[in-house]
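Architecture and fold: a report
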Amino acid sequence: LDDTVTLSQDEDVLDTWFSSALWTFSTLGWPNKRDYFDRFHPTNVLVTGFDIIFFWVARMIMMTLKFTEQVPFKKVYITGLVRDEHGQKMSKSKWNILDPIDLIDGISLEALTSKRTADLMQPQLKQKIERHTRESFPNGIAGFGTDALRFTFYSLASTGRDIKFDLGRTEGFRNFCNKIWNAARYVLMNSEEKQLANSLDSKNLSISDRWIISRFERAIKQVDLAMESYRFDLASQQLYEFIWNEYCDWYVELSKPTLWDEEKNPENAQATRFVLIFILEKTLRLLHPFMPFITEEVWQKIAPLISINGQSIMMESYPTYDRKNIDEEAEEHIEWLKGVILSIRNIRGEMDISPAKSINKLLRCVRDQILEIHTVLLYQTFVLLCFFFRFLLSSPLWWPGAEQVPWETLAPGHGQDAPWPHGAMRAMSSSWHWARCCWARERYGRLRVARGCGKRECIPARQDVRRRLASKISLDCIMQMPGCPGSEPFRAHNLVRECWWLCEHVSSAFKRHVR
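About the thresholds
Residues numbered from 1 in each chain as written. Predicted model: local features only at pLDDT ≥ 70, side-chain atom pairs only at ≥ 80, totals over all residues. Heavy atoms only, no water. Axes fitted to C-alpha atoms, helices over the stretch in contact; angles between N-to-C directions. Helix = DSSP H or I, 4+ residues; strand = E, 2+ residues; numbered from the N terminus. Parallel < 35°, antiparallel > 145°, perpendicular 65-115°, else oblique. Contact = heavy atoms within 4.5 Å. Nonpolar A, V, L, I, M, F, W, Y, C, P; charged D, E, K, R; others polar. Phe/Tyr/Trp six-rings, centres within 6.5 Å; stacked < 30°, edge-to-face > 60°. Buried < 20%, exposed > 50% of the residue type's maximum accessible area, 1.4 Å probe, protein only. Lys NZ or Arg CZ within 6 Å of the ring centre and 35° of its normal. Arc of directions from axis to C-beta. pLDDT = per-residue confidence, 0-100. Expected span 1.5 Å × (residues − 1). Salt bridge = Lys/Arg side-chain N within 4 Å of Asp/Glu carboxyl O.

Here we come to the packing of helix α8 (residues 146-155) against helix α13 (residues 292-302). When two helices pack together, their arrangement is given by the angle between the helix axes and by the axis-to-axis distance. Here α8 crosses α13 at 130°, and the two axes come no closer than 7 Å. Considering the angle they form, α8 stands oblique to α13. Each of Thr146, Asp147 and Arg150 in α8 lies in contact with α13, whose residues at this interface are Pro292, Phe293 and Ile294. Classifying every residue of the contact of α8 with α13 by side-chain character gives three nonpolar, one polar and two charged.

Here the bond from Trp30 into Pro31 is cis, since omega is 5°, no more than 30 degrees from zero. Relative to the helices and strands, Pro31 is located in the loop between α2 (23-26) and α3 (35-40). With omega at 0°, the peptide bond leading from His41 into Pro42 counts as cis. Note that Pro42 resides in the loop between α3 and β1 (43-49). Backbone geometry places Glu193, a non-glycine residue, at a positive phi of 60°.

Considering all chains together, one arrives at 22 aromatic pairs under this definition. Between the aromatic rings of Tyr240 and Trp244, the centroid separation amounts to 5.6 Å while the plane-to-plane angle is 25°, which identifies the pairing as stacked. Placement of both Tyr240 and Trp244 in helix α11 (residues 232-260) is noted, with a separation of four residues, approximately one turn of the helix. We classify Tyr240 as partly exposed; its relative accessible area is 24%. In textbook terms, an aromatic cluster arises when at least three aromatic residues are bridged by ring pairs, as seen for Tyr77, Phe151, Tyr154, Phe173, Phe176, Tyr230, Phe232, Tyr240, Trp244 and Phe290. Sitting over the face of the ring of Trp244, Lys179 holds its NZ or CZ atom 4.9 Å from the ring centroid.

Below, the discussion takes up helix α6 (residues 109-116). Within an α-helix, residues lying three or four positions from one another point in the same direction, as the helix has 3.6 residues per turn. The set of residues buried in α6 consists of Leu109, Leu112, Thr113 and Arg116. Within α6, the buried residues cover an arc of 100° as seen down the axis, which keeps them to one side.

This next bit is on the confidence of the model for the chain. Confidence along the chain averages 75 in pLDDT terms, with 70% of residues attaining 70 or more. The low-confidence segment residues 395-496, where pLDDT is below 50, has 170 contacts with residues more than four positions distant or belonging to other chains.

A separate point is helix α12 (residues 266-287). Counted at 1.5 Å a residue, the expected span for α12 with its 22 residues is 32 Å, and the 32 Å between its end C-alpha atoms agrees. Of all 22 residues in α12, 18 are buried, a share of seventy percent or more.

If you walk through the whole model with that rule in mind, you get 18 salt bridges. Between Glu171 and Arg174 there is a salt bridge, with the nearest N and O atoms lying 3.7 Å from each other. Placement of both Glu171 and Arg174 in helix α9 (residues 167-191) is noted, with a separation of three residues, approximately one turn of the helix. Judged by its relative accessible area of 37%, Glu171 is partly exposed. Across the pair Arg215 and Glu246 runs a salt bridge whose closest N-O atoms are separated by 3.0 Å. Of the two residues, Arg215 is situated in helix α10 (residues 207-228) and Glu246 in helix α11; the sequence distance between them amounts to 31 residues.

Below, the structure is given as structure tokens:
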């Protein structure tokens, strides 16, 4: 400037952070026009980054308390700091920022390079910025849409301090939008101009219909809990898991046999068709705050099919959790079916069998085998309880020697008079652990290690469980086992604990496996 130009400071300009400190009440007309101030102040939640807590948040609280004697907000939601794919802080000076419009609509490489190198604060960095841009985006940026970008930031809203932005995640959520669109097309294709059920009539609902209704109620509950705790990442994950994995991957496929067999079972097909639309419509309402545009578009087509004629999905009520719709029996059946299907798929993959090739499947029912095992265990439980009470009546808790005990009176036909050393108690404990191990293998379908009496024994993978169990813990086998002089005595209360454990688990096993 010329020396004759005189500069003077404006007397009506506040310091940046000082003016920001007045933001909570000065923007609402305080102190002269108090209509908005009295109506909206104080607010509920402030959303901000952790790097300006002292510069802005603390100053707002102090200034608001000073001039209004009110706390400006009750909760502060602190977000992480968004960084680029290399972990660097996004900054205009570095020109590694991304314009959300470019992520929504897409931009070519040349246009992106020109945009990043224009009006630089440090012109000497132009070549470096251009090279970095071409390396990071060799093909420019494809358009991902608003919903996919919004859902990406929801999924990244974790409790960490840094958010490493990755376009690959945004691309994945664009595919998620396509999944919703294709599911809606399937529902419309199988429902338009076709007869539907009038309500959720339980007598015509299939197991898969009841299952998806139950799973949707659980999804509502999980989303509500996540939203209440400001865990938007968990809420978005729950929505993604339900829509993609449960509704689209499983229920849509499970509904096809019912719809294809409509001529034989028209009422079941109508009920399934109604459930398809009913769950999709409520799912769109649950997803709407996260993806407002695609949910509005699809809802306008889906809702009239079940006589919902609202102007917009925004005007509809948000789904609420209803415990009455939980169906644990249906969930158990479908989880079993999913386990069978996934096991077959894994076998196909391990054996390199093409999915297009038809194979024969053999399913073995283990109900009778399980029933026999449980019967043997119950019998042995009763016998060992008799041994224990006989032991209490005639012996101390630690047996220092041997005593003749009339076994025949306790278990007729199962032995002769024999000494009662503590080794026999240890043998029974070892067999007891083996029985527990055997039951665990039958229940979970994999090897278990029996931990009893200081030794370990693995169950062979293809051993006849009933034969081994019957021979291992038979009374004759227990009686013929020699004593173990010098070993640590077996405490009587351990046998009580083992008996109680097996009684409890055998009874629960009957409930699970014997219908």
